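# Examination of the molecular architecture
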Amino acid sequence: MTYASPVFAHAAPKALHRLQVIQNKFCRAATDAHWCVRNSILHRDLELPTISKYMKDASKRFFDIAGSHPNALLRAAVDYQPPHPTHLIRRPRNVLTDPPDDLTAAVESLNDVNDTHD
């Protein structure tokens, strides 16, 4: 489902939301969780990143590794400067600067609360 996620990460938010819905359904089925359990709680308990978080991390790893790659075209991708935020074209590098979606923000805040209590 996340094959080529560094490149696919700049897909339309609606497409990523659809993938997130599928992941949420699998999490719920795997844990036999009741309908009233929040998706953010499922992700926290399973220690499973959301689709957007996973793709953002994969993109970051890709760009970190690409800087030392022998292929000149791949190294040039690292130096890419994203267009102005109001520009209509979204490029893969913009994924690194985009704010997290609601579910990812909720999971991260739950993880932060758990880290402070440990």
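Residues numbered from 1 in each chain as written. Predicted model: local features only at pLDDT ≥ 70, side-chain atom pairs only at ≥ 80, totals over all residues. Heavy atoms only, no water.

Let's shift gears to the packing of helix H2 (residues 13-31) against helix H3 (residues 39-46). Axis angle and axis distance: for two packed helices, these are the angle between their axes and the distance between the axes, and together they describe the pair. In contact at an axis separation of 10 Å, H2 and H3 are set at 65 degrees when each is read in the N-to-C sense. On the basis of the axis angle, H2 is roughly perpendicular to H3. H2 and H3 meet at a crossing whose hand is left-handed. Along the contact surface, H2 presents Gln20, Gln23, Asn24, Cys27, Arg28 and Thr31, while H3 presents Asn39, Leu42, His43 and Leu46. (Axes fitted to C-alpha atoms, helices over the stretch in contact; angles between N-to-C directions. Helix = DSSP H or I, 4+ residues; strand = E, 2+ residues; numbered from the N terminus. Parallel < 35°, antiparallel > 145°, perpendicular 65-115°, else oblique. Left-handed = near helix turned anticlockwise from the far one by under 90°. Contact = heavy atoms within 4.5 Å.)

Before going further, it helps to spend a moment on the confidence of the model for the protein chain. Here the protein chain averages 80 in pLDDT, while 78% of its residues score no lower than 70. Of all the helices and strands in the protein chain, helix H1 (residues 5-8) carries the lowest mean pLDDT, 70, while H3 carries the highest, 92. (pLDDT = per-residue confidence, 0-100.)

Attention now goes to the side chain of His43. Checked against the element boundaries, His43 lands in helix H3. What makes His43 buried here is its relative accessible area of 1%. Polar side-chain contacts of His43 include one of 3.3 Å to the side chain of Gln20. There is a polar contact of 2.9 Å between the side chain of His43 and the side chain of Asn24. Not counting residues up to four positions away in its chain, the partners in contact with His43 are Gln20, Gln23, Asn24, Cys27, Leu48, Pro49, Thr50, Leu103 and Val107. (Buried < 20%, exposed > 50% of the residue type's maximum accessible area, 1.4 Å probe, protein only. Polar contact = N/O pair within 3.5 Å; in protein donor to acceptor, adjacent residues only side chain to side chain.)

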